[in-house]
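The chain contents come next:
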Amino acid sequence: MIDRELVQKVLRAVMSRGVEFAELYVENRAVTSVFCEDNKIERVHSGSEKGAGIRVISQGNTAYAFTNDLSERSLISAASVAAHVVKNASEKTDVSLDFKVLKPDFRLAIVRRPSAVGFDFKMEQVLAANEAARELGSNVKQVTVGLADIERKVLIVNSEGDWVEDETARVRFVVNAVAARNGLIQTGYEALGAVKGWELLEEKSATEVARKAARRALLMLEARPCPAGRMPVVMSSEAGGTMVHEACGHGLEADLVQKGLSVYRGKLGQKVASECVSVIDDATLPGNYGSFCFDDEGVKAVRKVLIDRGVLVEYMYDRLTARKENRQSTGNGRRESYQYKPIPRMTNTFIAPGRDDPESIVKSTSRGLLVRKMGGGQVNTTNGDFVFEVQEGYIIENGEIKYPVRGATLIGNGPEALNNIDMVGSDLEFAIGQCGKDGQGVPVSDAQPTIRIRELTVGGTAL
């Protein structure tokens, strides 16, 4: 990284111009990836990158400059570029910077660090997954397997005196299978990831992930076209938290709220969901894909309740949006790398478990759709309207799961759907993802228990 003396020089170069807040973010990362397609290793990548970003805030304006050269000359130059945001600058010669080193409240355990695991092991896992998926039958026509890991060290220092040094590792394993028969083509997808080392594959094997993806693709070959209409929808905990992430979570990020781009603006203290629904964002969960000790502004990770038994009680803030409301950041300032400024982002976001038995939720539903796995989708955060694909779904009749269906979509409105949840299960399962916003991608996880939405529009292809 860089030493304390150079940090002081860089920040003084900015603070001497009379800015309100300055921050230096230094990052050193090492990444590897392996990709398999058509029964062979197509790509193997290994690399490292380092750089620094300097952010300045003055009179409501923000400037950001970055460089991949950590020399004193380059850092001072970047600081000078960022300082141009200051209007009517008044030079200060008495800039005092006293740093306090912040220690994490917990540690994220890394056992088999990515850098200690050779490419032979990684390629073996990818090839074994490819073979396991194809062993399920000749209808499995295509399998792609991807593995990636990252180790990252950061230094975050700001003009308020915070000095944070942190390091972490994150791994991901992804399988996509394509099955075809008589002109019908279906896909299955399964992903595994965590803030851990490659001990992750001791918890759930690569071949198990691959078989699950292939079985899903094969199952959808047998599925019937989904009927359309308004009906109850039971979302299994296996479905992942796409609903809470997209239809609710983004609308609770403070920048969208402050810009008037959220349906939840001005609704603090108001009922926005059913009384059986509580929504939580928690970066402190051990090993979860969106976990960390400090966010990308050096703020400690915390657990925060966003919706408490149906009532909106909190938004997710970074330092900048918090300053606008004269409050503290909630530890949700995140960035893709040193090349980006931080913005409010989710971490591990989920609907809290309830008291209902998951099986009883299905049994109490006379007819409806059971969603076992969500696909992609779109949401309009301004009004909450959404459209989501269903990757794996089943028709429920008389409280029993009858047959799988394909081609289903869920169409609705976030607040309306949350208010229509009438049963919340006691289970909870997380899914991982790479969340995109403002051109940046950050790792997140989301979850929900098994829930029932009393009525939702289901799009289908059945005639």
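Our structure's up above, just so we're on the same page.
Basis of the calculations
- Residues numbered from 1 in each chain as written.
- Predicted model: local features only at pLDDT ≥ 70, side-chain atom pairs only at ≥ 80, totals over all residues.
- Heavy atoms only, no water.
- Salt bridge = Lys/Arg side-chain N within 4 Å of Asp/Glu carboxyl O.
- Helix = DSSP H or I, 4+ residues; strand = E, 2+ residues; numbered from the N terminus.
- Buried < 20%, exposed > 50% of the residue type's maximum accessible area, 1.4 Å probe, protein only.
- Phe/Tyr/Trp six-rings, centres within 6.5 Å; stacked < 30°, edge-to-face > 60°.
- Axes fitted to C-alpha atoms, helices over the stretch in contact; angles between N-to-C directions.
- Parallel < 35°, antiparallel > 145°, perpendicular 65-115°, else oblique.
- Left-handed = near helix turned anticlockwise from the far one by under 90°.
- Contact = heavy atoms within 4.5 Å.
- Nonpolar A, V, L, I, M, F, W, Y, C, P; charged D, E, K, R; others polar.
- 1 Å grid on protein atoms, 1.4 Å probe; cavity = no way out; pocket = protein on both sides within 12 Å on 5 of 7 lines; lining within 4 Å.
- Points joined across faces, edges and corners; volume = space filled by probe spheres on them.

J.: Give me the lowdown on the pattern of salt bridges, citing residues and values where you can.
T.: Taken as a whole, this structure holds 36 salt bridges when the rule is applied. Across the salt bridge formed by Lys 122 and Asp 149, the nearest N and O atoms sit 2.7 Å from each other. Residue Lys 122 is located in helix H3 (residues 119-134), and its partner Asp 149 is located in strand S5 (residues 140-158); the two are separated by 27 residues in the primary sequence. For Lys 122, a relative accessible area of 1% translates into the label buried. Residue Asp 149 is classed as buried on the basis of its relative accessible area of 4%. Connected via shared salt-bridge partners are Glu 20, Lys 100, Glu 160, Asp 162, Arg 319 and Arg 323.

J.: Describe the packing of aromatic side chains, and please don't skip the residues or the numbers.
T.: For the structure shown, the criterion picks out five aromatic pairs. Pairing Phe 66 with Tyr 338 gives two aromatic rings, centres 6.0 Å apart and planes at 70 degrees, and the pair type is edge-to-face. Pair noted here: Phe 66 is in strand S3 (residues 61-67) and Tyr 338 is in the loop between strand S13 (333-334) and strand S14 (343-344), with a separation of 272 residues, a long-range link. Relative accessible area serves as the criterion here: at 43%, Phe 66 is assigned to the partly exposed category. Both rings, one in Tyr 315 and one in Tyr 317, keep their centres 6.5 Å apart while their planes meet at 65 degrees; by these two values the pair is edge-to-face.

J.: Please set out the packing of helix H1 (residues 4-15) against helix H2 (residues 72-82) residue by residue, giving values where relevant.
T.: When two helices pack together, their arrangement is captured by the angle between the axes and the distance separating the axes. Interaxial distance between H1 and H2 falls to 8 Å at its minimum, and their mutual angle equals 25 degrees. It follows that H1 is roughly parallel to H2 by the angle criterion. H2 is crossed by H1, and the crossing has right-handed handedness. Every residue of H2 that contacts H1 at Leu 6, Lys 9, Val 10, Ala 13 and Val 14 is listed here: Glu 72, Leu 75, Ile 76 and Ala 79. Class assignment for the residues of the contact of H1 with H2 results in seven nonpolar, no polar and two charged.

J.: Account for the layout of surface pockets, with residues named and values stated.
T.: Gaps between atoms show up when a probe of the same size as a water molecule is rolled over them. Of the pockets and cavities examined, the largest pocket occupies roughly 940 Å³. Around the largest pocket, the lining comprises 41 residues; the ones closest to its centre are Ala 191, Lys 373, Phe 430, Ala 431 and Ile 432. Among the elements of the structure, strand S7 (184-194), helix H4 (200-203), helix H5 (206-222), helix H6 (242-249), strand S16 (367-379), strand S21 (429-437) and strand S22 (440-448) are those that each provide at least two residues to the lining of the largest pocket. The greatest single-element share of the lining of the largest pocket, amounting to eight residues, is contributed by S21.

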